[in-house]
Amino acid sequence: METIKTNQSKSEILSFIRKKLSIYDTVKGHIRYTSVDDLEKEHLRFNMSGYESETGECTVNNLAILNKFAYLGIYDYTDYLFLDFYKGTPVIYLRWFGSGTNLEFDLPGFTTSEIIYKIFELTIFSGKAKRRR
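Residues numbered from 1 in each chain as written. Predicted model: local features only at pLDDT ≥ 70, side-chain atom pairs only at ≥ 80, totals over all residues. Heavy atoms only, no water.

1. Observations regarding the overall build of the chain
So the rule is basically this: Helical segments are the DSSP runs of H or I of at least four residues, strand segments are the runs of E of at least two, and each set is numbered from the N terminus. Burial classification: accessible surface area is computed with a 1.4 Å probe over protein chains only, and a residue below 20% of its type maximum counts as buried, one above 50% as exposed, and the rest as partly exposed. Every residue pair with non-hydrogen atoms within 4.5 Å of one another is taken to be in contact.
For the chain, the count of helices and strands is five helices and three strands. Each helix and strand of the chain, ordered N terminal to C terminal, gives the series α-α-α-α-β-β-β-α. Looking at the 133 residues of the chain, the share that counts as buried comes to 32%. Within the chain, counting contacts between residues at least 6 apart in sequence, those at least 24 apart form 51% of the total.

2. Some remarks on the sheet that holds strand β3 (residues 103-106)
Inclusion rule: A strand pair is defined by DSSP finding two or more bridges across the two strands. To define axes, lines are fitted to C-alpha atoms, for helices over the stretch in contact only, and angles between the resulting N-to-C directions are given on a 0 to 180 degree scale.
Overall, antiparallel pairing links the three strands, which are arranged β1-β2-β3 in an open sheet. Both edges of this open sheet fall to β1 (78-86) and β3, since each of them pairs with a single strand only. Each adjacent strand pair in this sheet contributes to an overall mean axis angle of 20 degrees, direction not counted. Bridge count between β1 and strand β2 (residues 89-96): eight bridges; the pairing is antiparallel. Note that in β2 the partner of F82 across the bridge is Y93. Most of the contacts of helix α5 (residues 112-122) go to β2, to which it runs at about 15 degrees, and overall it touches β1, β2 and β3.

3. Observations regarding α5
The buried fraction of α5 amounts to eight of the eleven residues, a majority that puts the element mostly inside the structure. Among the residues of α5, T112, S113, I115, I116, Y117, I119, F120 and L122 are the ones counted as buried. Here the buried face of α5 lies against α1 (10-21), α4 (57-67), β1, β2 and β3.

4. Description of the pairing of β2
In this antiparallel pair of consecutive strands, β1 and β2, the connection spans two residues, and K87 shows a positive phi of 50 degrees. Summarising the sheet, β2 and β3 pair through four bridges and their orientation is antiparallel. Of the residues in β3, the one forming a bridge with Y93 is E104. Where β2 folds back on β3, the antiparallel hairpin that results is connected by six residues, among which G98 adopts a positive phi of roughly 80 degrees.

5. Observations concerning the layout of surface pockets
Definition in use: A pocket, in this scheme, is an open set of points on a 1 Å grid over the protein atoms alone with protein on both sides within 12 Å along at least 5 of 7 lines, while a cavity is a set where a 1.4 Å probe fits but cannot get out; residues line either one if an atom lies within 4 Å of a point. Grid points are joined across faces, edges and corners, and a volume is the space filled by probe spheres set on the points. Classes in brief: Ala, Val, Leu, Ile, Met, Phe, Trp, Tyr, Cys and Pro nonpolar; Asp, Glu, Lys and Arg charged; the others, Gly included, polar.
In this structure, the second largest pocket spans a volume of roughly 220 Å³. Every residue lining the second largest pocket is counted, 13 residues in all, and those nearest its centre are C58, T59, N62, L83 and D84. Residues belonging to the lining of the second largest pocket are distributed by class as follows: seven nonpolar, four polar and two charged.

6. Digging into unusual backbone geometry
The phi dihedral of K87 falls on the positive side, at around 50 degrees, and the residue is not glycine. Relative to the elements of secondary structure, K87 occurs in the loop between β1 and β2. What makes K87 exposed here is its relative accessible area of 55%.

Structure, rendered in structure tokens:
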């Protein structure tokens, strides 16, 4: 299992995030007529539109992407942590473990990788108290 080292740069961590979201390893043996260079750049992305053809599909998709990083402990620092998107603007909602204060962080213009990095900053890099599990 891959982990993040505390001495890694932001650039290295963003590369780690993109690799974790990459679809290349999963589908490379199943696709023909596609440039490997193009395929290696493709990765999972949050649906930021906020619009759904089926109730809950954006939430389920976006939560599945975020949960790819649960093993790093992102949820261990919060009473709750979730994302919401409205017309392309992501908002992180959280309450640090034991604080009682509800927080919102608007992230207009952020990419999927940048949103996840921000979540890392707010959780595993925050120095906040970690709940025992």
